[in-house]
Amino acid sequence: MISITSKEMCCGCAACEQRCPKSCIVMREDEEGFLYPQTDMSKCIDCGLCEKVCPVLNQGEKRKPLYVYAAKNKNLQIRLHSSSGGVFTHIAEQIIQNNGVVFGARFDENWAVKHDYTETLEGLAAMRGSKYVQSRIGSTYQQAKDFLEAGRLVLFSGTPCQIRGLKLFLAKEYDNLLTVDLICHGVPSPKIWRQYLHEIIATGGGDIQIPSCGPTSQITGINFRDKTTSWQSYSLRFTLRRETGSGLPETADISRIHYKDPFFYCFLSHVMERYSCYACPAKELKSGSDITLGDFWGFRGTKDFPDDNNGISLLLINTDQGSKYITSILRSEQSYEKVIKQNLMITASLIIKDPRRDTFYKAVAKSSLHRESKKLWLINKIKRYANRLADIALGNGVRWHIAGICAENGTDAARARSHTHSPSR
Ligand SMILES: Cc1cc2nc3c(=O)[nH]c(=O)nc-3n(C[C@H](O)[C@H](O)[C@H](O)COP(=O)(O)OP(=O)(O)OC[C@H]3O[C@@H](n4cnc5c(N)ncnc54)[C@H](O)[C@@H]3O)c2cc1C
Ligand code: SF4
Ligand code: SF4
Ligand code: SF4
């Protein structure tokens, strides 16, 4: 029977819940809002199946990709609506055109993030774009299995731990399955996201009450990676609508560049990720996925493959099955050794848990994400100045951290903390 002795030991994939033959496991939110399994011991027959499908207990082998590319979709509109180069849509369209089914993360009617499937090209729009909140897997592993058994082509996309959970749940290889995961630095909780949505509706998430915000307003659109100001300087954009009583509803866009948005700022400061993300069980391609996608930060365009700042994906093709679906896409071959130095989240977890991580959720619940992000910003600023002074006084490579973390000598941990998926903080 699965037993969570430490929160780092569960990534919330729900494979155990779906596998249990007696339905005695239920995923429930903890006080931070992350899902963990709870077992009804009176129904458990001690069959051990829940442990066999757990991606933390059964980690895969470390791998290296077969091919590495900088890649972009030929369709500029698709690229502009995708987080990086729109490679996910390139692959997913081929699956749908071959009468297949695509699983991925989408918003539900309350703007919570959940996994779902689509059988249409139009249905892909909801899955396009990163949602930086942990998605609820629900019963999608079982649904994917049913489609696979019926002979349908299936694409399942998600975080590496979700893909590992799926593979263990399926317990055998399927020729008609394609798995795509993301370079993943971690996920915030659905609860903190809900709180932020309330703040957006109430005030716009800032100090000044924004017209169109208030109790009667509704969110009608969210884009975590709005590229209006460019791919590298992306913004988190909310669209709101409010009935005015005059028959003409008022609409407004609240858009802040990522490092100025309270939610994104805290996310990129690593104080609100799930505990398992600080000890990720699926780094170094251990998920077993066919394809891995990320942002190709730091890519310098070439004459044949220019960077127009509308998004470039880092594309890792890990299996022969994966290479079948990379067809009419613009790409330029790269060296893996170089790429893992630029994008540390392929191999490294958020190694050092920020000391503020444990108190952050409690503090936000008592005040607001907006206020706590301001405090965090101030502390980070003081730390940065102190580090600079220490660098000057003691020479490069030695950094004294005010929060008591002490010296970090240019280790992977130090770099992973400062360089995740944000190019311009
Ligand atoms: C939580 C999270 C953290 C990430 N961290 C990094 C990082 O540190 N470095 C980096 O290079 N790239 C990171 N990425 C990946 C990056 O943001 C892009 O998703 C990736 O480059 C693919 O972009 P695209 O343009 O090809 O397709 P897009 O259309 O942008 O990708 C959509 C795909 O992402 C999936 N997806 C979206 N939200 C979620 C979610 N919450 N959970 C599971 N799957 C989801 C969809 O199912 C779909 O498959 C992260 C993505 C997520 C969701
Ligand atoms: S041991 Fe078997 S019955 Fe018990 S919780 Fe796990 S899967 Fe369910
Ligand atoms: S990681 Fe997945 S399978 Fe393992 S305990 Fe957590 S929810 Fe269950
Ligand atoms: S960092 Fe690892 S554990 Fe956390 S969501 Fe991503 S793949 Fe899962």
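The text that follows walks through the structure, step by step, so that each part is easy to find. (Residues numbered from 1 in each chain as written. Chains lettered and ligands numbered in written order. Predicted model: local features only at pLDDT ≥ 70, side-chain atom pairs only at ≥ 80, totals over all residues. Heavy atoms only, no water.)

What follows concerns the pattern of salt bridges. The tally for this structure, following the rule as stated, stands at 16 salt bridges. We note a salt bridge from Glu173 to Lys167, for which the minimum N-O separation is 3.8 Å. Across the salt bridge formed by Arg225 and Asp295, the nearest N and O atoms sit 2.8 Å from each other. With Arg225 in strand 8 (residues 217-226) and Asp295 in strand 11 (residues 291-295), the pair connects residues that are 70 residues apart, well separated along the chain. Its relative accessible area of 2% is what places Arg225 among the buried residues. A cluster of three or more residues bridged by salt bridges with shared partners is formed by Lys7, Asp30 and Glu31. (Salt bridge = Lys/Arg side-chain N within 4 Å of Asp/Glu carboxyl O. Helix = DSSP H or I, 4+ residues; strand = E, 2+ residues; numbered from the N terminus. Buried < 20%, exposed > 50% of the residue type's maximum accessible area, 1.4 Å probe, protein only.)

Moving on, we come to the layout of surface pockets. Estimated volume of the second largest pocket: approximately 420 Å³. Taken together, 26 residues make up the lining of the second largest pocket; nearest its centre are Asn110, Trp111, Ala112, Arg194 and Leu197. Those elements giving two or more residues to the lining of the second largest pocket turn out to be strand 5 (113-118), helix 8 (190-203) and strand 8. The element best represented in the lining of the second largest pocket is helix 8, accounting for 6 residues. Its residues assigned to classes, the lining of the second largest pocket comprises 11 nonpolar, 8 polar and 7 charged. (1 Å grid on protein atoms, 1.4 Å probe; cavity = no way out; pocket = protein on both sides within 12 Å on 5 of 7 lines; lining within 4 Å. Points joined across faces, edges and corners; volume = space filled by probe spheres on them. Nonpolar A, V, L, I, M, F, W, Y, C, P; charged D, E, K, R; others polar.)

Attention now moves to empty space enclosed by the protein. Applying the stated rule across the entire model yields 5 cavities of 30 Å³ or more. The calculated volume of the largest cavity comes to roughly 720 Å³. In this structure, the largest cavity is lined by 43 residues; those nearest its centre are Ser83, Gly129, Ser130, Lys131 and Leu182. For the lining of the largest cavity, the elements supplying multiple residues, two or more each, are helix 4 (87-97), strand 4 (101-107), strand 5, strand 6 (154-158), strand 7 (177-182) and strand 11. A class-by-class count of the residues in the lining of the largest cavity yields 16 nonpolar, 22 polar and 5 charged. Contributing to the lining of the second largest cavity are 25 residues, with Pro160, Cys161, Cys184, Cys280 and Lys283 lying nearest its centre. Among the elements of the structure, helix 7 (160-170) and strand 7 are those that each provide at least two residues to the lining of the second largest cavity.

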